[in-house]
Amino acid sequence: MKSISIKKGFKLPLSGLPDISAIQLPEPETIAVSAMDIPYIRPKLLVKQGDLVKTGTSLFCDKKNKSILYLSPGTGRVKQILFGPRRKLIEVVIDLNKNQDKNEAFVKFDTLTLKTIKAVPRTTLIKHLQDGGLWQCFRQLPAKDTADENLTPAMIIVSLNGNDPFSPHPQVVLDNETRYFEFGLKVLQQLVKKIVVTCRKDSLTRLNGCKPFITHVVPDTYPAWDPGTVLYKLKRSEKENNSWCISAEHLVLVAKLLLDGRYPVKRVITVTRSDDKKPHIITRQGAPVKDLIGQMDTTGIITTGRFNGRSVNPDSHLGFFENTLNIIHDNDGDEMFGFILPGLSKPTVSKTFLSCLTSTPKDLDCTIHGEERACINCGYCTKICPIDLAPNFIMKALHADDIEDALGFGLLDCVRCGLCSFTCPSKIELTKLLSDGMDAHFKDKE
Ligand code: SF4
Ligand code: SF4
């Protein structure tokens, strides 16, 4: 097991760390497959309102590659198909059959075994995963788009920790799943020669069965466990930019699909809020947000990541790639003479507040202390960027429409961790600017 050293990033103690215990939620009344958390998708619907669906029925595909399917995570009837502006698909909502455990009907998929997996041709294996709605678990770096099945990646990075500081703990995610995790690694061996399995240092002590498979340990500094950050530290040549990543949870899903012949629907979720220590929640893919968060005050907002998630509506459902919900206090009022207060509970990267002298967990809120201001060249964004970018320089190149310069400054290495926006004293949305720049670059190449 090797250690990866990452000096930059964010290591402030934050409040809201979830408890390591887990509870099983009762079956929800509705579930949905959301298109809102799927990067770059152009969805094409394959069902209409009122259709009966089984667990594993295709609901929509990606117009760019119609073999990428999104399947129903339950058995029931299509209740509603929600669209946003310009008929952009938001989510397909399904009314689950009552007594889902007794009345659940599954689409059957071909199965493989430990003995047969080695003899399966690569193309057949990929077709199995595409038909079973799980090929999209493989993401291609740097954009984290669905992996291109026609490419052979330099390596596949398996991350035991999700993208958020409070993503589900691998001990809960992999509890009783070692057999599947091991089979998942055999699947990867059919796709690539080099497999990297990473884990956060503080998650190691609680791991049991899957510990021997870890190849690299990363520090507990956010976002050291992001596959993009790991790739940045490991790559030795340009060619290795062409790598894929998959989370440990998704690798287990892949193995379950291939071994059991059913679309797997179990998901582990964390819900975090500053004044609460909640257990992990075991539920079904696409569960309603309001079932997961319970009661919340009207001034809170819900995001799917502390620094880089989307904001979600309590009446919506959790997306395919999302496994954490943060409830953040929306403190939109002005703070009287805030600049002379010691700020003992305020997180600070620049050591502006006295809170930098204590190790007690700090609360995050949505306050931006005024409007967006001009860049003052303070360099904090460069000091915190885990992959040594100068986000302020990239921003200026993008503002000048000079994509060549932005690429030269390393735009495509950005892992969209959100730290530069968080730390910027002028509250410039650097991550969004860089993210939009990357998306525009990839769209131009289509
Ligand atoms: S540029 Fe910003 S969002 Fe991108 S990796 Fe650096 S800190 Fe994170
Ligand atoms: S942190 Fe903000 S103000 Fe400071 S250099 Fe970066 S962009 Fe400019």
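Source: prediction; values computed, not measured. (Residues numbered from 1 in each chain as written. Chains lettered and ligands numbered in written order. Predicted model: local features only at pLDDT ≥ 70, side-chain atom pairs only at ≥ 80, totals over all residues.)

1. A few points about the overall build of the protein
(1) Moving on: When helices and strands are tallied, the protein shows 13 helices and 20 strands.
(2) Moving on: Burial status across the protein gives 41% buried among its 446 residues.
(3) Moving on: By sequence separation, contacts in the protein at least 24 residues apart represent 70% of the contacts at least 6 residues apart. (Helix = DSSP H or I, 4+ residues; strand = E, 2+ residues; numbered from the N terminus. Buried ≥ 20, exposed ≤ 12 C-beta atoms within 10 Å, placed from the backbone. Contact = placed C-beta atoms within 7 Å.)

2. Brief notes about the site of ligand 2
(1) Moving on: The immediate surroundings of ligand 2 are formed by 13 residues, with C375, C378, C381, N392 and C424 found nearest.
(2) Moving on: Its residues assigned to classes, the shell around ligand 2 shows 9 nonpolar, 4 polar and no charged. (Near = placed C-beta within 6 Å. Nonpolar A, V, L, I, M, F, W, Y, C, P; charged D, E, K, R; others polar.)

3. A word on the site of ligand 1
(1) Moving on: The full set close to ligand 1 counts 16 residues, and C385, P391, C414, C417 and C420 are the nearest of them.
(2) Moving on: Residue assignment for the shell around ligand 1 shows that the elements contributing at least two residues are α12 (419–423) and α13 (430–445).
(3) Moving on: No other element matches α13, which puts 3 residues into the shell around ligand 1.

4. Description of the pairing of strand β3 (residues 30–34)
The side chains of a regular strand alternate between both faces of the sheet.
(1) Moving on: Counting buried positions along β3 gives 4 out of 5 residues, so the element sits mostly inside the fold.
(2) Moving on: Direction of pairing for β3 relative to strand β9 (residues 89–96): antiparallel, over a ladder of 5 bridges. Opposite V33, over in β9, you have V92 as the bridge partner. (Pairing = 2+ DSSP bridges.)

5. Quick word on the nonpolar core
(1) Moving on: Grouped together as the largest cluster of nonpolar side chains are 105 residues, with contacts concentrated most on V254 and A255.
(2) Moving on: Top element by residues in this core is helix α7 (residues 248–260). It accounts for 8 residues.
(3) Moving on: Residues in contact with A255, not counting those within four places in the same chain, are Y180, F181, F183, G184 and V187. (Core = buried A, V, L, I, M, F, W, Y, C linked by C-beta atoms within 7 Å.)

6. Describing the sheet that holds strand β14 (residues 216–218)
(1) Moving on: With mixed pairing, the 7 strands of this open sheet are ordered in space as β1-β14-β13-β12-β15-β10-β11. Looking at the sheet topology across the chains shown, the edges are occupied by β1 (2–3) and β11 (145–146).
(2) Moving on: Sheet analysis places strand β10 (residues 139–140) next to strand β15 (residues 244–247), joined by 2 bridges and oriented antiparallel. Counted as the bridge partner of R139 is C245 from β15.

7. Comments concerning the sheet that holds strand β19 (residues 311–312)
(1) Moving on: Across the sheet, which stays open at both edges, the 6 strands sit in the order β2-β17-β16-β20-β18-β19 with mixed pairing between neighbours. The open sheet has two free edges, formed respectively by β2 (22–24) and β19, since each of these has just one partner strand.
(2) Moving on: In this sheet, strand β20 (residues 324–329) lies alongside strand β16 (residues 266–273) in parallel orientation, the contact comprising 4 bridges. The residue bridging R273 from the neighbouring strand is I327, located in β20.

8. A word on unusual backbone geometry
Glycine aside, negative phi is the norm for most residues, and most peptide bonds take the trans geometry.
(1) Moving on: Between L141 and the following residue, P142, the backbone shows a cis peptide bond with an omega angle of 5 degrees.
(2) Moving on: Structurally, the position occupied by P142 is in the loop between β10 and β11.
(3) Moving on: Residue P223 is reached from Y222 by a cis peptide bond, and omega for that bond is -5 degrees.
(4) Moving on: Positive phi outside glycine occurs at D401, with the angle close to 60 degrees.
(5) Moving on: Assignment of secondary structure puts D401 in the loop between α10 (391–399) and α11 (403–408).
(6) Moving on: A residue is classified by how many C-beta atoms lie within 10 Å of it, and D401, with 8 of them, is exposed.
(7) Moving on: Although it is not a glycine, R416 adopts a positive phi angle of roughly 55 degrees.
(8) Moving on: Along the chain, R416 turns up in the loop between α11 and α12.

9. Some words on the packing of helix α4 (residues 178–189) against α7
The description of two packed helices rests on the angle between their axes and on the distance between the axes.
(1) Moving on: Where α4 contacts α7, the axes come no closer than 8 Å and their chain directions differ by 85 degrees. As judged from the angle between their axes, α4 and α7 are roughly perpendicular. Facing α4, whose interface residues are Y180, F181, F183, G184 and V187, α7 presents A248, L251, V252, V254, A255, K256, L258 and L259.
(2) Moving on: Looking at the contact of α4 with α7, its residues break down into 11 nonpolar, 1 polar and 1 charged. (Axes fitted to C-alpha atoms, helices over the stretch in contact; angles between N-to-C directions. Parallel < 35°, antiparallel > 145°, perpendicular 65-115°, else oblique.)

10. A word on the confidence of the model for the protein
(1) Moving on: In the predicted model, the protein carries a mean pLDDT of 89, and the fraction of residues at 70 or more is 89%.
(2) Moving on: Of all helices and strands in the protein, the one with the weakest mean pLDDT is helix α1 (residues 100–103) (76), whereas strand β12 (residues 156–159) scores best (98). (pLDDT = per-residue confidence, 0-100.)

11. Describing the pairing of β20
(1) Moving on: Across the 6 residues of β20, 5 count as buried, placing the element largely inside the fold.
(2) Moving on: In this structure, strand β18 (residues 300–303) lies alongside β20, joined through 4 bridges in antiparallel fashion. Counterpart to I302 in the pairing with β20 is I327.

12. Considering the environment of S58
(1) Moving on: Of note, S58 is situated in strand β6 (residues 58–62).
(2) Moving on: Separated by 10 residues in sequence, S58 and I68 place their C-alpha atoms 9.8 Å apart.
(3) Moving on: In this structure, S58 is in contact with L46, L69 and L71, ignoring residues within four places of it in sequence.

13. Re α10
(1) Moving on: All of the buried residues along α10 are P391, N392, I394, M395 and L398. Take α10 and look down its axis: the buried residues cluster within an arc of 160 degrees, on one side only. (Arc of directions from axis to C-beta.)

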